[in-house]
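Now for the letters of each chain:
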Amino acid sequence: MSASRSLADQGRIVVKIGSALLVEGGELKRAWLDALIDDLVSLKKAGAEAIIVSSGSIALGRGILGLPKGPLRLEESQAAAAAGQIALAQAYAESLGRHAIQAGQILLTLGDTEERRRYLNARATIGTLLKLGAVPIINENDSVATSEIRYGDNDRLAARVATMASADCLVLLSDIDGLYTAPPHDNPDAVFLPEVPRITAEIEAMAGSAGSELSRGGMKTKIDAAKIATAAGTSMVITSGKPLNPLTKLAKGARGTWFPGLDSPANARKAWIGGHLEPRGEIQLDPGALKALKSGKSLLPAGVTAVIGSFSRGDAVTVLDSDGRNIGRGLVAYDHDEARMIAGRNSREIEAIVGYPGRAEMIHRDDLVLDDAFLAGNR
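Read on for an overview of the structure. Numbering of residues starts from 1 in each chain and follows the order in which that chain's sequence is written. Given that this is a predicted model, residues contribute local features only at a pLDDT of at least 70 and side-chain atom pairs are listed and counted only at 80 or more, while totals for whole chains, interfaces and linings are drawn from all residues. Just so you know, side-chain values use all the structure's heavy atoms and leave hydrogens and water out.

## Here's the deal with helix 6 (residues 116–131)
Okay, step 1: The secondary structure listing takes helices from DSSP runs of H or I that are at least 4 residues long and strands from runs of E that are at least 2 residues long, numbered from the N terminus. Between the first and last residue of a helix there are one fewer steps than residues, each counted as 1.5 Å, and that sum is the expected span. For helix 6, spanning 16 residues, the distance from its first C-alpha to its last is 22 Å, which sits close to the expected 22 Å at 1.5 Å a residue.
Okay, step 2: Burial here depends on accessible area, computed with a 1.4 Å probe over protein chains only, as a share of the maximum for the residue type. Under 20% is buried, over 50% is exposed, and the range in between is partly exposed. Burial in helix 6 covers these residues: Y119, L120, A122, R123, I126, G127, L129 and L130.
Okay, step 3: Following helix 6 by one or two positions, G133 has its phi on the positive side, about 85°.

Okay, here's the thing in structure tokens:
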């Protein structure tokens, strides 16, 4: 992950789009959307992977359903979202289709990024779509979400998606070109900040409020998003999305406030697994599996000789060598009872054993942290 103030060399990019940029008067701004997709296609051709977190379903849906201006009741917002999600997904599919690229819609709620089992499912779906060359289009599931289970803004959702996907960079397209020392529309002496190396109490105090009728998230939610993203190793930039081709303009040096990631996404994720999750069980391996792990491969069920403890899919477990010594930690892909059933078996047998086509790996290499002493051959 590059900490430089540039979109260049960013391998995986999440772009968050606000309603006010995408919808006007209940109608989709098609020319703006097509220009943005052109930007993304250019990034993809340069080797980047792109994920979109898009608002707009309620704003589109209220126009489709003829709902009046002003605040909507919960059931009206959910109905608008249900209608708008269809139109929004179709718009993205059509715009990407101009370039023979497929779109894949994912609707999330707060719990999908906080409960580990659902988190792993969403992470796997995003990863698979990217491997297949598609562009994931993600939005909060407004048609079912209530205040207790929702984010309420897509800035923080985008940050959670970026960390979930181990993205290198999160781009928040806004109606303002970055962070100022004070709201610039209220204070002519406000100073623009091109980079924020660390988010301090002083930086948080600079955050303003929501800037438009359709925007539920103001600068405060963007600073909150930066805290989430940078702690996970993802750099973030706030820039104006008002002009056509905003990503191309950003890549060419347009103004934006950059928040460098505090580490690489991979290292931050490994640190989280290795130091912040309490292990719920243990998995012991045979010599062949240990050799495979040293070479950077995932842990397959065939190499497991013992499953100890009670754990659920997504829990952290301690990984033991054939002598019972701790060599690392990982997020397990199966509940403890299923893990025992498939231990020592070939991955091709999983469906016949557990009754569904489970994951080939017991622990994927991206979810595995191994001790330095083991990797150095001292264990």
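## So, the pairing of strand 15 (residues 326–331)
Okay, step 1: Most of strand 15 sits inside the fold, with 5 of its 6 residues counted as buried.
Okay, step 2: Bridge count between strand 14 (residues 316–320) and strand 15: 5 bridges; the pairing is antiparallel. Bridge assignment links T318 to a residue of strand 15, and that residue is R329.
Okay, step 3: A loop of 5 residues connects strand 14 with strand 15, the two strands running antiparallel in sequence, and G324 in this loop sits at a positive phi of about 85°.
Okay, step 4: In this analysis, strands are considered paired if DSSP registers two or more bridges between them. In the sheet, strand 15 pairs with strand 16 (residues 368–370) via 3 bridges, with the strands oriented antiparallel. Following the sheet pairing, G328 is matched in strand 16 by L370.

## Considerations on helix 12 (residues 287–294)
Residues spaced three or four apart along an α-helix face the same direction, because each turn holds 3.6 residues.
Okay, step 1: If you check which residues of helix 12 are buried, you get A289, L290 and L293. Along the axis of helix 12, the buried residues cluster in a sector spanning 100°; they form a single face. The exposed residues of helix 12 that point more than 90 degrees off its buried face are P287 and K291.
Okay, step 2: Throughout, a residue-residue contact means that at least one pair of heavy atoms, one from each residue, lies within 4.5 Å. Looking at the buried positions of helix 12, the neighbouring elements they touch are strand 12 (281–285), strand 15, strand 16 and helix 15 (372–375).
Okay, step 3: Between N or O atoms, a polar contact is any pair within 3.5 Å; within protein, one atom must be a potential hydrogen donor and the other a potential acceptor, and residues adjacent in sequence are included only when both atoms are from side chains. By the N-cap criterion, in which a side-chain oxygen at the helix start approaches the backbone nitrogen of a residue two or three places on, helix 12 is capped by D286, the distance to G288 being 3.2 Å.
Okay, step 4: Taken from the residues just after helix 12, G296 is the one with a positive phi, measuring 95°. The arc refers to the directions leading from the helix axis to the C-beta atoms.

## A short note on the packing of aromatic side chains
Okay, step 1: Here a Phe, Tyr or Trp ring, Trp counted by its six-membered ring, pairs with any other such ring whose centre lies within 6.5 Å, and the pair is stacked when the planes are under 30 degrees apart, edge-to-face when over 60, and tilted otherwise. Following the criterion strictly, the structure yields 1 aromatic pair and no others.
Okay, step 2: Between Y180 and F192, the ring centres sit 5.4 Å apart and the planes meet at 65°, which makes this aromatic pair edge-to-face. Pair noted here: Y180 is in strand 8 (residues 179–180) and F192 is in strand 9 (residues 192–193), with a separation of 12 residues, a long-range link. Considered together, Y180 and F192 belong to a single accessibility category, that of buried residues.
Okay, step 3: Here, a charge over a ring means that NZ of Lys or CZ of Arg falls within 6 Å of the ring centre while also lying within 35 degrees of the ring normal. Seen from the ring of F192, R255 lies directly overhead, with NZ or CZ sitting 4.2 Å from the centre.

## Quick word on the environment of S310
Okay, step 1: The topology assignment puts S310 in the loop between strand 13 (304–309) and strand 14.
Okay, step 2: Spatially, the C-alpha atoms of S310 and E282 are 9.0 Å apart, while their sequence positions differ by 28 residues.
Okay, step 3: Each residue touching S310, except ones within four places of it in the same chain, is listed here: R280 and H336.
Okay, step 4: Engagement of the side chain of S310 in a polar contact is seen with the side chain of H336, the distance being 3.4 Å.

By themselves, these are just geometric observations and shouldn't be taken as functional.
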